[in-house]
Amino acid sequence: MTLKLIKFLFIVLVLTECKKPVSPEDIFPDDPGKGQNHGSMTIQNLLKEYLKSTPNTITDDVSVTGQIVSSDWMGAFPHSLIVMDESGAIEIRLASENYHRYYELGRIVTVRCAGLVIRSYGNSPILGRSTRSEEEYINIPEYEMNSFIVVSGQIEPISKPTLNLSEISGNYNNLPVILQNVEFIDEDKEKEWCDPDSDYSYTERILKSTKSNDSIAVRTYYNVRFKSHKVSAGTVDIEGILQYYYSKPSLQLIDYADMNL
């Protein structure tokens, strides 16, 4: 074989490899099983088994598979990734400033729980990284995220029940919902989503039902990109994640566009 022919074949081989699509096996060569749906239990069963005491470090090799329903791409849900399956949802604390670059909205992931701490915050379940102290946890460092949260490669439509305010309950905690037949109270109409003079890291605008006396706070954090936009003055259907702090519900938008006038 001539030297010219060898050089030619080498160039062809390099170009072929450059065009090869990236797969989960390429990203995680140490574990070919990554990227597959292989949760060993539902989120509800995880809570029943490991949230008996809080905080609790999970040492068993257990995992849950679900869909990402939160995103920080507009500044909402900073460090807070929410994963939902057919039984419920759980919040996972991340150190990443831009986790949406790795975990897109609607993507299916498997969460490996061994080495994570599960705890209750205001009666809402949270997963974080374990530390040497059994009483503490930290946000999962960015360099460890793909060891605990495994991307499946699928993005699917997110199911969102449409509810009246009178129908919400703790069963929908951390789940995406659409609230219908609502409007902001007169004091909040046409105000900015975030109060620039607030002493807190968030502002709450109050939604009320047009069909009943029920109401709910819409919580918006100061770092969202739409913080200076004006709150609607009319009747709306609004999408967001319903969250409970003990018995108090609130709604948090992912995007300003999640509101239909």
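Student: Looking at this model, I keep getting lost on the overall build of the protein. Mind explaining?
Tutor: Each helix and strand in the protein was counted, giving 4 helices and 16 strands. Residues classed as buried in the protein amount to 43% of the 261 residues present. Look at the contacts in the protein between residues 6 or more apart in sequence, and 65% of them connect residues 24 or more apart.

Student: Would you mind showing me how to read unusual backbone geometry here?
Tutor: What is expected of a backbone is that most residues other than glycine have negative phi and most peptide bonds are trans. Phi is positive for Asn-174, close to 70°, though the residue is something other than glycine. A relative accessible area of 1% means that Asn-174 is categorised as buried. Here Tyr-246, not a glycine, exhibits a phi torsion of approximately 55°, which is positive. Within the secondary structure, Tyr-246 is located in the loop between strand E14 (236-245) and strand E15 (248-252). Owing to a relative accessible area of 48%, Tyr-246 belongs among the partly exposed residues under this scheme.

Student: Honestly, the environment of Thr-162 in this entry has me stumped. Any pointers?
Tutor: Within the fold, Thr-162 resides in strand E10 (residues 162-163). Judged by its relative accessible area of 42%, Thr-162 falls in the partly exposed class. The spatial distance from the C-alpha of Thr-162 to the C-alpha of Ile-178 is 4.6 Å, given a sequence separation of 16 residues. Excluding residues within four positions of it along the chain, Thr-162 makes contact with Glu-167, Ile-178 and Gln-180.

Student: I keep staring at the environment of Ile-149 and nothing clicks. Help me out?
Tutor: As for its placement among the helices and strands, Ile-149 is situated in strand E9 (residues 149-155). Taking C-alpha positions, Ile-149 is 9.7 Å from Val-64, a pair spaced 85 residues apart along the chain. Apart from residues no more than four positions distant in its own chain, Ile-149 is found in contact with Leu-81, Ile-92, Leu-94, Tyr-103, Val-109 and Thr-110.

Student: Can you help me understand the pattern of salt bridges in this one?
Tutor: Note that side chains of opposite charge can pair when their charged atoms are close. The tally for this structure, following the rule as stated, stands at 11 salt bridges. Residue Glu-239 pairs with Lys-160 through a salt bridge whose shortest N-O separation is 2.6 Å. Separated by 79 residues along the polypeptide, Glu-239 in strand E14 and Lys-160 in the loop between E9 and E10 bring together distant segments of the chain. Residue classification places Lys-160 among the partly exposed residues on the basis of a relative accessible area of 32%. The residue Lys-189 makes a salt bridge to Asp-186 at a minimum N-O spacing of 3.3 Å. For Lys-189, a relative accessible area of 21% gives the class partly exposed. Asp-186 sits in the exposed class, given a relative accessible area of 55%. Here the residues in one salt-bridge network are Glu-183, Asp-186, Lys-189 and Lys-208, joined through shared partners.

Student: How do you make sense of the packing of aromatic side chains when you look at a structure like this?
Tutor: Two numbers describe a pair of aromatic rings. These are the distance of the centres and the angle of the planes. Going through the model one piece at a time under the given rule, you end up with 7 aromatic pairs. The structure contains a cluster of three or more aromatic residues connected by ring pairs, namely Tyr-121, Tyr-245 and Tyr-246. The ring of Tyr-202 has Arg-219 sitting right over it, with the charged end atom 4.0 Å from the ring centre.

Student: Explain the pairing of E14 to me, please; I cannot follow it from the model alone.
Tutor: Sheet faces and side chains relate simply in a regular strand, where the side chains alternate between the two faces. With 8 of its 10 residues buried, E14 lies for the most part within the structure. As defined by bridge partners, E14 adjoins E15 across 5 bridges and the pair is classed as antiparallel. Directly across from Ile-241, in E15, lies its bridge partner Gln-252. Counting the residues in the hairpin turn of E14 and E15 gives 2 residues, including Tyr-246, whose phi is positive at 55°.

Student: Help me out: how do you make sense of the pairing of strand E3 (residues 80-85) in this one?
Tutor: The element E3 is extensively covered by neighbouring structure, given that 6 of its 6 residues are classed as buried. Covered by surrounding structure in E3 are Ser-80, Ile-82 and Met-84 together with Leu-81, Val-83 and Asp-85, the residues of both alternating faces. In this sheet, E3 lies alongside strand E2 (residues 63-68) in antiparallel orientation, the contact comprising 2 bridges. Within E3, the position partnered with Gln-67 by the bridge is Met-84. As paired strands, E3 and strand E4 (residues 88-93) are joined by 6 bridges and run antiparallel to one another. Looking at E4, one finds that Ser-80 is bridged to Arg-93. In this structure, the hairpin formed by E3 and E4 is closed by a connection of 2 residues.

Student: I keep staring at a nonpolar patch on the surface and nothing clicks. Help me out?
Tutor: Taken together, the side chains of Tyr-121, Tyr-245 and Tyr-246 define a hydrophobic patch exposed on the protein surface, amounting to about 360 Å² of accessible area. Structurally, the position occupied by Tyr-245 is in strand E14.

Criteria and thresholds
Residues numbered from 1 in each chain as written. Predicted model: local features only at pLDDT ≥ 70, side-chain atom pairs only at ≥ 80, totals over all residues. Heavy atoms only, no water. Helix = DSSP H or I, 4+ residues; strand = E, 2+ residues; numbered from the N terminus. Buried < 20%, exposed > 50% of the residue type's maximum accessible area, 1.4 Å probe, protein only. Contact = heavy atoms within 4.5 Å. Salt bridge = Lys/Arg side-chain N within 4 Å of Asp/Glu carboxyl O. Phe/Tyr/Trp six-rings, centres within 6.5 Å; stacked < 30°, edge-to-face > 60°. Lys NZ or Arg CZ within 6 Å of the ring centre and 35° of its normal. Pairing = 2+ DSSP bridges. Patch = residues over 30% accessible without salt bridge, like charges linked within 9 Å, V, L, I, M, F, W, Y side chains within 5 Å. Areas by Shrake-Rupley, 256 points an atom, 1.4 Å probe, with all protein chains shown as cover.

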